[in-house]
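Chain and residue survey
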Amino acid sequence: GSCGVASAGSAGVGGGARIGKRVGKLGKKTTKGAGRIRGKVRNLSSRTKVSSCSLSKGQVRAAVDRNQGRVVGCYEKALLKSAALSGKLTIEWRITPKGKVRGAKVKSSSLGDPAVAECVLRVIRKTRFPAPPDGGECVIAYPFIFSPSQ
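Residues numbered from 1 in each chain as written. Predicted model: local features only at pLDDT ≥ 70, side-chain atom pairs only at ≥ 80, totals over all residues. Heavy atoms only, no water.

Here we look at the side chain of Asp-113
Condition: In this description a helix means any DSSP run of H or I spanning at least four residues, a strand means any run of E spanning at least two, and both kinds are numbered starting from the N terminus. Burial classes follow relative accessibility: with a 1.4 Å probe on protein chains only, a residue under 20% of its type's maximum area counts as buried, one over 50% as exposed, and anything between as partly exposed. Counted as positive: Lys and Arg. Counted as negative: Asp and Glu, with His and the chain ends omitted from the count. A carboxyl oxygen of Asp or Glu within 4 Å of a side-chain nitrogen of Lys or Arg is what we treat as a salt bridge. Polar contacts, as counted here, are pairs of nitrogen or oxygen atoms within 3.5 Å of one another; within protein the pair requires one atom able to donate a hydrogen and one able to accept it, and residues that are adjacent in sequence qualify only if both atoms are side-chain atoms. By definition in these notes, contact holds between two residues if any of their heavy atoms fall within 4.5 Å.
Among the secondary structure elements, Asp-113 is positioned in the loop between β4 (101-109) and α4 (114-126). An unpaired buried charge is present at Asp-113: no salt bridge exists, and Lys-81, the closest side chain of opposite charge, is 6.2 Å distant. Here the side chain of Asp-113 touches Ala-115 through a polar contact of 3.0 Å, landing on its backbone nitrogen. Discounting residues that sit within four places of it in the chain, Asp-113 has contacts with Ala-78 and Leu-85.

Concerning the state of the cysteines
The condition that has to hold: Here, two cysteine sulfur atoms that lie within 2.5 Å of each other are counted as a disulfide.
Taken as a whole and assessed by the stated rule, the structure comprises 2 disulfides. Disulfide pairing places Cys-53 opposite Cys-138 at an S-S distance of 1.7 Å. Residues Cys-53 and Cys-138 are joined through a disulfide that is right-handed, its torsion about the S-S bond being 45°. One end of the pair, Cys-53, is in the loop between β2 (49-51) and α2 (57-65); the other, Cys-138, is in strand β5 (residues 138-148), and 85 residues separate them in sequence. One exposure class covers both Cys-53 and Cys-138, and it is buried. Between the sulfur of Cys-74 and that of Cys-119 lies a disulfide, 2.0 Å long from S to S. Since a negative S-S torsion denotes a left-handed disulfide, the Cys-74-Cys-119 link at about -70° is left-handed.

Observations regarding α4
Using the following cut-off: Multiply 1.5 Å by the residue count of a helix minus one, and that product is the helix's expected span.
Taking 1.5 Å as the rise per residue, α4 with 13 residues should run 18 Å; its terminal C-alpha atoms sit 19 Å apart, in good agreement. Buried within α4 we find Val-116, Ala-117, Cys-119, Val-120, Leu-121, Val-123 and Ile-124. Those residues of α4 hidden inside the fold are in contact with α2, α3 (68-79), β3 (87-95), β4 and β5.

Shown next, in the form of C-alpha cells:
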C-alpha cells in the first residue's frame with residue numbers, strides 16, 4: 001500500500017518533465033502551425049484616395065478598420081501555405097449615396113496571391129460606409145500593406 005504511493009509520488013515528480021515534453025510535441029503535431037504564423041496588415045493613409053465625395057479619409061478608414069480582423073484572416077490563411085508572402089494590394093470601389101459598396105476591384109497588387117485579393121474584395125463588398133453627406137458617390141482607392149510578423 002504505502003510502497004505504491006511512494007513510487008507513484010516519485011514517478012509523478014521524476015516523470016513530470018518527460019510528460020510535459022511529450023505534450024508539447026503532440027501539441028505541435030496537432031496544430032500543424034495554426035496560430036503560429038501571424039501577419040500584419042497596414043494602411044498607408046497618405047496613399048488612400050477619396051475622390052468626388054464629401055466623406056473624409058478618416059471616415060473611410062474607420063469603416064475598413066471595423067473589418068480589419070477579417071482582412072488579416074484572409075492574409076494569415078495564405079501565410080500557412082507561403083510563409084514569406086508579402087506585398088501591397090490596392091482595392092478600388094465606389095460608395096453609393098446609401099453607403100453601400102459598388103464595383104469593388106483590384107486596382108494593383110504586388111502580393112502575388114489572387115486568393116487573398118478575392119477574400120479582401122469580399123470583405124470590402126460587405127462593409128457599410130457612412131452615407132456621403134452630399135448624396136453623391138465616392139470613389140475610393142485603398143492600399144493594404146501585407147507583411148508577416150516576426
